[in-house]
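Below are the chains, spelled out letter by letter.
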Amino acid sequence: MQGVDPAWLPDVAFRPIGIRRTLIRGSGPLVDTVHGEVAGACERFGGSVSRESGSYDLVLELDGDDGSEGFVYGRGDGCTTVTASGARGLLYGFFHVVRLGETAFLDDARRASYQPESALRMLDHWDNVAVHPVMGQVERGYAGGSLFWEDGRARGDLERVRAYGRLLAACGINAVAVNNVNVHATEARLLTDRIGEVADIAGALRPYGIRTHLSVTFAAPVVLGGLASADPLDESVRAWWAEATARVYTAIPDFGGFVVKADSEGQPGPFAYGRSHADGANMLAAALAPHGGSVHWRAFVYNHHQDWRNRSTDRARAAYDHFVPLDGEFADNAVLQVKHGPMDFQVREPVSPLIGAMPGTRLAVELQATQEYTGQQRHVCWLGPMWSEVLRFGTDGESSVGASARGGLVAVANVGDDPFWTGHPLAQANLYTFGRLAWDPNADPHHVLDEWIRLTFGPGPGPGLAAGLRSILDGSWRTYEKYTAPLGVGFMVQPGHHYGPSVDGYEYSPWGTYHFADRDGVGVDRSVATGTGYAGQYAKPWADVYESPLSCPDELLLFFHHVSYGHMLHSGKTVIQHIYDTHFEGVAEVEAARERWASLVDLVEPARHARVAERFEEQLRSAREWRDQVNSYFFRKSGVADERGRTIY
Ligand code: GCW
């Protein structure tokens, strides 16, 4: 497609397959997709593809269709084989060969099977159909308009959506929710009279094994159905949902299900009727069950009308307090979707204590690929290491978050109609990494990054280019953390749009995101002994580790404790000196990354190079602003000078 970046699927990645003889066995729409891929590659590079037996270099075989997604890969007697017993498995096996490139046709390889760890690997789009007066087309979107919606309707030309589905399949994603969880009036109607538009999008994604999901408003029976109530236990309400859902399946037979944000930040929910969130979720689960769909019910429920003077209310506690008492009450096809941290996608948060605390509930863990709080795709911030830490975290010291996420892994999408997909071309690495980690939460994110570099800039990007990209991206999350809010305290952003520093931006706000800095110290006391009790929501050993400032890891200290500026960290620095040092270091690291990028000018195509170079200018400006605001704020509060005598504005 013209003008659209091929991202990790440049033509050249298909050359190793395109010059060879491929045999494809099996039938069905996804086999046709694979056939089309191989045929296209052969047209470009001269090889051949057939469905008859003979002598081949590559055999792609679908044997049965049991709905599984794994595949067996092997090579022997000069032939590479992929065998799958489910159609998606064949598709993923094909892209596995693409990823391997020439290697797939070299030495004999042991047969190995590949299986996704989690059955649902999903992207949630916070896209509005109509441009919202405050949030724009894509809420927290930093990559232009929506891929799906334009001028208040589904795009007529869905070629780009198809290309998107292809990119997603190539990194293992199998589900997409196509509209914002904040469901406004226009978007609400996607469920009913506008379902045809959703069906068109689903049609463009289906050839790549992607199921379509829809965010719906809990108030739909009232706002769309004209009923007097949306009470989940009211029979007429239940009947309305059952009918509406049946109509959705008539339009989209493989529809994935609903995503619901209820009783959260002003969205309607079951509380208005004195019902529990299990009642609400189960009503929708019942409507979806006959059709094989699921409801993704979000656990992001908290009081956003807080009084900052009331130190017993703690937003971090909210999800656990609301949902743990409901463990065991949710239907099998109700998935509780939990943000990975207890707050809201900050650069550093502890893992949500809810994950691991609801063994009788299917949980999905939600990450945020869109960089709302991590530089809004103007800053380089590769989130692979953060996500990997989260997914490998042992909630009770052993069982990992990745394993607890039986209901799937979800990320808020970071793409739009930008020619580079993600605004910042290097933010494509986040999308790719999410897909690969969702497939295998134990994968080494650095290998995933190398893979992304090799595919996107390769094959065989010169060692200089690969090393340069690695050095720019690898530590970029920690760099971002250094120049923004320190030691896990979070926020300190400008209210509303959340870009750029404002140390007290949310300090006296009803949203409940505080740092409590005064002239003696900073941080939120969330201990059981003297604070909000949040630390006690963890299983051991974490409840003990977080309870005391002596055992709490440095990077989370201010999330869990209010300490003096002179408090000594495990690193051997005082809190105040840590703040100064990291802020100077963070800016220096951005300067170095910008230089490194400049040095790659002859190795990267001009448009991509220029786009990233321009974003680096803004990142550096912004990092300096963060450094100066944070350092001067804490210098003024504490009165403690920088021991290295640097200028603090
Ligand atoms: O962090 C907040 C965002 C909102 C978002 C909300 C959520 C879709 O600022 O824009 O709303 O999270 O996750 O529901």
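As the structure is a prediction and not an experimental result, all values here were calculated from the model.

What counts as what
- Residues numbered from 1 in each chain as written.
- Predicted model: local features only at pLDDT ≥ 70, side-chain atom pairs only at ≥ 80, totals over all residues.
- Heavy atoms only, no water.
- Helix = DSSP H or I, 4+ residues; strand = E, 2+ residues; numbered from the N terminus.
- Rg over C-alpha atoms; globule rule 2.2 N^0.38 Å.
- Buried < 20%, exposed > 50% of the residue type's maximum accessible area, 1.4 Å probe, protein only.
- Contact = heavy atoms within 4.5 Å.
- Areas by Shrake-Rupley, 256 points an atom, 1.4 Å probe, with all protein chains shown as cover.
- Lys, Arg positive; Asp, Glu negative; His and termini not counted.
- Charge placed at Lys NZ, Arg CZ, Asp CG, Glu CD.
- Near = heavy atom within 4 Å.
- Polar contact = N/O pair within 3.5 Å; in protein donor to acceptor, adjacent residues only side chain to side chain.
- Domains from an automatic or database assignment.
- Buried area = accessible area lost by both parts, 1.4 Å probe.
- Salt bridge = Lys/Arg side-chain N within 4 Å of Asp/Glu carboxyl O.
- Nonpolar A, V, L, I, M, F, W, Y, C, P; charged D, E, K, R; others polar.
- UniProt positions renumbered as here; feature names shortened; annotations may be inferred.

Trainee: For this particular structure, what's the right way to read the overall build of the protein?
Mentor: Within the protein, the secondary structure is distributed over 20 helices and 20 strands. Compactness check: the protein gives a C-alpha radius of gyration of 25 Å against a globular reference of 26 Å for 649 residues, within 12% of the reference. In terms of its C-alpha atoms, the protein occupies a principal-axis envelope of roughly 80 × 65 × 45 Å. With 649 residues in all, the protein has 61% of them scored as buried. The contacts in the protein between residues at least 6 apart in sequence include a share of 71% that link residues at least 24 apart. When the accessible surface of the protein is summed, it comes to about 23300 Å², and 50% of that surface belongs to carbon and sulfur atoms. Taken as two groups, the 58 positive and 80 negative side-chain charges of the protein have centres that lie 2 Å from each other.

Trainee: Sorry if this is basic, but what is going on with the site of the ligand here?
Mentor: Surrounding the ligand, one finds 15 residues, the nearest of these being E139, K261, K339, D344 and E372. Side-chain polar atom of E372 to an oxygen atom of the ligand: 2.6 Å apart, as the coordinates give it. Burial of the ligand by the surrounding chains reaches 97%, relative to a free accessible area of 340 Å².

Trainee: Any chance you could explain the domain arrangement of the protein here in plain terms?
Mentor: It is common to report an interface's size as the accessible area lost on association of the parts. The domain architecture assigned to the protein consists of domain 1 (11-114), domain 2 (121-456) and domain 3 (481-524 + 562-638). One C-alpha centre belongs to domain 1, the other to domain 2, and the line joining them spans 32 Å. Listed by partner, the interface residues are 13 residues for domain 1 and 18 residues for domain 2. Between domain 1 and domain 2, a total of about 1300 Å² is buried, with carbon and sulfur atoms accounting for 52% of that surface. With a closest N to O distance of 2.8 Å, E69 and R121 form a salt bridge. Seen at the junction of domain 1 and domain 2, the total is nine residue pairs in polar contact (both at pLDDT 80 or more). Listed by contribution, the elements that provide at least two residues to the side of domain 1 that touches domain 2 are helix 2 (29-45) and helix 3 (87-100). Here the side of domain 1 that touches domain 2 is composed, by residue class, of eight nonpolar, one polar and four charged.

Trainee: Mind showing me how you'd approach the UniProt feature "active site" (unreviewed entry) in the protein here?
Mentor: Under the present numbering, the feature "active site" (unreviewed entry) in UniProt falls on E265, D344 and E372. Looking at the element boundaries, E265 is found in the loop between strand 14 (257-260) and helix 9 (277-288). When neighbours within four sequence positions are excluded, E265 is seen to be in contact with F300, Y302, H304 and W511. Among the polar contacts made by the side chain of E265, one reaches the side chain of K261 at a distance of 2.8 Å. Here D344 is to be found in the loop between strand 16 (334-339) and strand 17 (362-368). Taking the relative accessible area as the measure of exposure, D344 reaches 6% and is therefore buried. Not counting chain neighbours up to four residues away, the residues in contact with D344 comprise F300, R315, K339, E349, Y373 and F491.

Trainee: Please clarify how the side chain of E366 should be interpreted in this entry.
Mentor: Looking at where E366 falls in the secondary structure, it is placed in strand 17. Reaching out from E366, the side chain makes a polar contact with the side chain of R298 at a distance of 2.8 Å. In this structure E366 touches D124, W126, R298, Q337, V338, K339, H340, F345, V410 and V412, once residues within four positions along its chain are discounted.

Trainee: How should I be thinking about unusual backbone geometry in this particular structure?
Mentor: In most cases, non-glycine residues show a negative phi, while peptide bonds are predominantly trans. Going from K540 to P541, the amide bond is cis rather than trans, its omega being 5 degrees. Position of P541 relative to the elements: it lies in the loop between strand 19 (521-522) and helix 17 (542-547). A positive phi angle, close to 60 degrees, is found at M492, a residue other than glycine. Mapped onto the elements of the fold, M492 is located in the loop between helix 16 (476-483) and strand 19. Even without glycine at this site, F516 takes up a positive phi of about 55 degrees.

Trainee: Even after reading the chapter, I still don't get the pattern of salt bridges, so can you show me in this structure?
Mentor: Any two side chains of opposite charge can pair, on the condition that their charged atoms come close. Enumeration over the complete set of coordinates arrives at 45 salt bridges. For R51, the salt bridge identified is with D32, shortest N-O distance 3.0 Å. Residue R51 is found in the loop between strand 2 (48-50) and strand 3 (58-62), and its partner D32 is found in helix 2; the two are separated by 19 residues along the sequence. Note on D32: relative accessible area 43%, which makes it partly exposed. The salt bridge involving D544 is made with K540; its shortest N-O contact spans 3.2 Å. For K540, a relative accessible area of 57% gives the class exposed. Taken together, the shared-partner salt bridges in this structure form one network comprising R348, E389, R478 and E481.

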